[in-house]
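What follows is each chain in one-letter form.
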Amino acid sequence: MYNQKFFQSFLYQKGVKGPYQIWITTPEIPNFILIDENEERIGESPDPNLFFEEPYFQTIQNDKVYLYFKYPGNYQIVVCLNESIEIEADNIQMIYHLLYPCYTHFALKASQYKIDKIIESILQTTSVLDLEDLFSTILANTIEVIPNADLGTLWFYDSELNRVVCKASVGNVIPGIRKMQFEANEGFVGYTFKLRTPKLFTDLPKLMDQDTWRTSPENSKHWDFNLDFPRNVKSMLTAPIMVGDQVECVLILCQIKTKSSLTEQDLQLLQVFTSQIGNAIRNAQLFTRLKKQNELLIKRDDIHSTLTKLSLQNMGVNKVIRELTRMIELPIIFVDLIENESMPETKGLPDHQSYKELYNYLSSIEEKSCYDEVKSELGSHYLYPIRTGNVILGCLIIKAKRPLGQLDHIALEQGHSILALELVKKQNLVEFYYKKKRELFNEILQTKDPELLQLRARELGIREQSDSVAVIFQFSNFNEPQVLEAHVHRLITQIKTELSTYIQTVFGYNNEITLLVRLTNSSQLVAFKKKVERLLGDWSKNKGILLCVGMGALYNGIHLIEKSYNEAKNALSYMTTRKLSGCIQYSEIGVNRLFINQSSEEIHRFLKEVFDPLRSTQGMNNTLEQTLLTYFECNRSAIQTAKKMHVHINTLYQRLKKIEETLEISFENPENVLRLQLACYLKESFAMIEVK
């Protein structure tokens, strides 16, 4: 370490006969340690807080001489002589050089220790794969490498918050530092984050007064003003940690109470250390991402397995809803929009919506949208439609106590499929039930055996001697069977709700719903028809839906159900051939019942025979056709016809004469008049039919 004999000989030549001691302190060692003594211990340990600017000086304390020497890097060596003699300046300088090997020995050991510590820290840091643990490991190892720092923080940019937040801290830390969130250009944290290069700061109080270093009031309230941070910070090091070409986080080291300031050498050590940390962070991020994906896959498999098991075991919708509620830990209401039911049963839907309002709202949501958030004064809810194809079967309503996470969506997507399957299964069971009812009803229509008729009526719940009316609802213009089937089920549900007091039996088949109602008198029939018309009014508001209803007459006894049913079929045929919507009773058709079974092509041909010759008459421009229609509309009154057409009475007579000549008929012939009158009536009655 140094030539002890030569040193002792030099002291002896200068008149030092007694023992001596040599002490040393380093930046890493707060107090002096004894490194050499030639005899028993003498004197007290030197004062580590003694400040001097010169390379060396001497002092006398308790009849002993203390020689203080300052070496590079804040190293100090003190020689204590057990004699009260004054050493000349030249000799002190000589002692300074004689002890230089001692300084270099400790400096090399310290450097080697730092290098070993850096290597150890890098190895330890790169072996940590958990991202949160890595932040603490980075900071702890940095403080060991640079012991002059007594406060360390590591700041990370959170892209979701768009803020720089503290992820780890050691030392004399402000209690509220974890609550601070800095913008990218706010305060010394934001400034150093944007700096992108390591930096040593030694005059922080001056920098803190600059606008670029000012902190927002929200973050300032977390400062500990008793500590008076950062004005008590004597020096500070900042170093960005790069991942690729992006600054991922920033290390900030501060010297507050330690005796030695942070130096450029510390900055270089920090650069060496942080240059390797970026790889560790990248590895930890990849590991964390893979770990999360793996956990997500495991949980997804668990969710799928649990819900599929419930479905295969036919545990029912209630069990699936309870399991979904447990998985996402949010209250869930399941709404069946075919049967208009909710599970668990509630007094009403959120926001006091009706089932129809909920259905209409969900229909307005784009099919690719998996859910929608609805906010109101009563609270916020997520609406998760349950579809099969473009048919809305139901909906999950989730109370929005928090945002839905990835696992929540996975659970809801899996639950969506299971619930859709349950609803389809339920529809299939209902279809089977309706099929059995239709078969029984057809037997009632076809059988003449009174005993069998009574038996089938009892099976369907039809009273034998009640007054009954057959009603048939029919949908038109549906190309998609699934959509049609859903509408049929939904309409039957509405019929059961709004017309329950009248129903004897009801079932659906293809695009039709057959309803047999029980009424006591004709006045009740009027009230019933008004309710049907109100129901149709609701459905007519839906775009693309054409719904019409045919009703038979009121008859007593099950043997006349067939007659009422056939009348309802004929009334419905009258509506469909004219492409009309609404409700009509067979008795309201009047004379049109004679033409119900006539094809539209045959009626069209009859109309062409009458009106085509009138249109082709030269120079008349369909005047003859309009004259004929108006003439019969005015009950063959020439005066009224001329007045309505704004022509002279003689002009009208000329036109009527022209019609007789063109059609080769006579208005005096009753058969000809009946033929023309029927043609005019059919033309008005079949106004929707295009006459070519």
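So, a few notes on the structure that sits alongside this text. Every chain is numbered on its own, with residues counted from 1 as its sequence reads. In view of the model being predicted, local features appear only for residues whose pLDDT reaches at least 70, and side-chain atom pairs are presented and counted only at 80 or more, with totals across whole chains, interfaces and linings using the full set of residues. Only hydrogens and water are set aside when side-chain values are computed; all heavy atoms of the structure are taken into account.

The next point concerns the overall build of the chain. Each helix and strand counted, the chain has 20 helices and 22 strands in total. Exposed residues in this analysis have more than 50% of their type's maximum accessible area, buried residues have under 20%, and partly exposed residues fall in between, with area computed by a 1.4 Å probe over protein chains only. With 692 residues in all, the chain has 48% of them scored as buried. Taking as baseline every contact in the chain between residues at least 6 positions apart, the subset at least 24 positions apart corresponds to 60%. What sets the accessible areas is the Shrake-Rupley method with a 1.4 Å probe; for residues, cover comes only from the shown protein chains. Summed over its atoms, the accessible surface of the chain is roughly 36,100 Å², and 49% of this surface lies on carbon and sulfur atoms. Strands are runs of DSSP state E lasting at least two residues, helices are runs of H or I lasting at least four, and both sets are numbered from the N terminus onward. Contacts: residue pairs with any heavy atoms within 4.5 Å of one another.

As a further point, take the sheet that holds strand β15 (residues 379–388). For sheets, the rule is that strands pair by backbone hydrogen bonds, running either parallel or antiparallel. A pair of strands counts as paired when DSSP detects no fewer than two bridges linking them. Sheet architecture is open: five strands sit in the order β13-β12-β16-β15-β14, paired in antiparallel fashion. Two strands close off the open sheet at either side, each with one partner strand: β13 (341–343) and β14 (372–376). This sheet shows a mean twist of 25 degrees between the axes of neighbouring strands, independent of strand direction. Each of β12 (332–336), β13 and β16 (391–399) touches helix α9 (residues 317–328); the most contacted strand, β12, lies at about 145 degrees to it. With axes taken as lines fitted to C-alpha atoms, and helix axes fitted only over the stretch in contact, angles between N-to-C directions fall between 0 and 180 degrees. Packed onto the sheet, helix α10 (residues 355–364) meets β12, β13, β14, β15 and β16 and runs at close to 100 degrees relative to β16.

So, about the packing of aromatic side chains. Each Phe, Tyr or Trp ring (for Trp, its six-membered ring) is paired with any other whose centre lies within 6.5 Å, and the angle between the two planes then decides the class: stacked below 30 degrees, edge-to-face above 60, tilted in between. Scanning all chains against the criterion turns up 19 aromatic pairs. With centroids separated by 5.1 Å and ring planes inclined at 15 degrees, the aromatic side chains of Y71 and Y103 adopt a geometry described as stacked. Taken together, the positions of Y71 in strand β4 (residues 64–71) and Y103 in helix α3 (residues 100–127) put the pair 32 residues apart, joining distant regions of the chain. Note on accessibility: Y71 and Y103 belong to one class, buried.

Secondary-structure assignment places S216 in the loop between α6 (204–208) and α7 (217–220). Residues S216 and M180, 36 residues apart in the sequence, show an inter-C-alpha distance of 9.9 Å.

Moving on to the nonpolar core. Ranked by internal contacts, the top residues of the largest apolar core, which has 54 residues, are F473, F475, L491, I495, I513, L515 and F528. Top contributing element to this core by residue count: helix α15 (residues 561–577), with seven residues. When sequence neighbours within four positions are dropped, the list of residues in contact with L491 reads F473, F475, I513, L535, W539 and L547. Grouped together as the second largest cluster of nonpolar side chains are 32 residues, L296, I398, L412 and V483 included. The definition of a nonpolar core used throughout is a set of buried Ala, Val, Leu, Ile, Met, Phe, Trp, Tyr and Cys residues joined through side-chain atoms within 4.5 Å.

Now for the pattern of salt bridges. A pairing counts as a salt bridge when a side-chain nitrogen of Lys or Arg comes within 4 Å of a carboxyl oxygen of Asp or Glu. Scanning all chains against the criterion turns up 18 salt bridges. With a closest N to O distance of 2.4 Å, E323 and R326 form a salt bridge. Pair noted here: E323 and R326 are both in helix α9, with a separation of three residues, about one helical turn. Judged by relative accessible area, which is 13%, E323 ranks as buried. Of the charged contacts in the structure, one is a salt bridge between E625 and R615, with a shortest N-O distance of 2.8 Å. Here the residue E625 occupies a position in helix α17 (residues 623–633), and R615 occupies one in helix α16 (residues 600–615), the gap between them amounting to ten residues. It is possible to trace a salt-bridge network through shared partners that takes in K608, D612, R615, E625 and K683.

This part is about the side chain of R655. Note that R655 resides in helix α19 (residues 649–663). Only four residue types enter the charge count: Lys and Arg as positive, Asp and Glu as negative, with His and the chain ends excluded. Of the buried charged residues, R655 lacks a salt bridge, with E625 as the closest side chain of opposite charge at 12 Å. Excluding its chain neighbours within four sequence positions, the residues that come into contact with R655 are T623, L624, T627, M645 and V647.

Once that is clear, we can look at the sheet that holds strand β11 (residues 246–255). Pairing is antiparallel across the open sheet formed by six strands, whose spatial order is β8-β7-β6-β11-β10-β9. With one partner strand each, in any of the chains shown, β8 (181–182) and β9 (199–201) form the two edges of the open sheet. Bridging between strand β10 (residues 235–243) and β11 involves nine bridges; their strand directions are antiparallel. Residue M236 lies in a different strand from β11, and its bridge partner there is C254. Each of β6 (151–158), β7 (163–171), β8, β9, β10 and β11 touches helix α5 (residues 187–195); the most contacted strand, β11, lies at about 125 degrees to it.

One way to put it is that helix α13 (residues 481–498) packs onto helix α14 (residues 522–540) with a least axis distance of 11 Å and a crossing angle of 145 degrees. Of the two elements, α13 crosses α14, and the hand of that crossing is right-handed. Touching H487, R490, L491, Q494, I495 and E498 of α13 are L535, D538 and W539, all from α14. Amino acids are sorted into nonpolar (Ala, Val, Leu, Ile, Met, Phe, Trp, Tyr, Cys and Pro), charged (Asp, Glu, Lys and Arg) and polar (every other residue, Gly among them). Looking at side-chain class alone, the contact of α13 with α14 contains four nonpolar, two polar and three charged residues. Handedness of a crossing is defined here by the sense of rotation of the near helix relative to the far one, left-handed for an anticlockwise turn of less than a right angle and right-handed for a clockwise turn.

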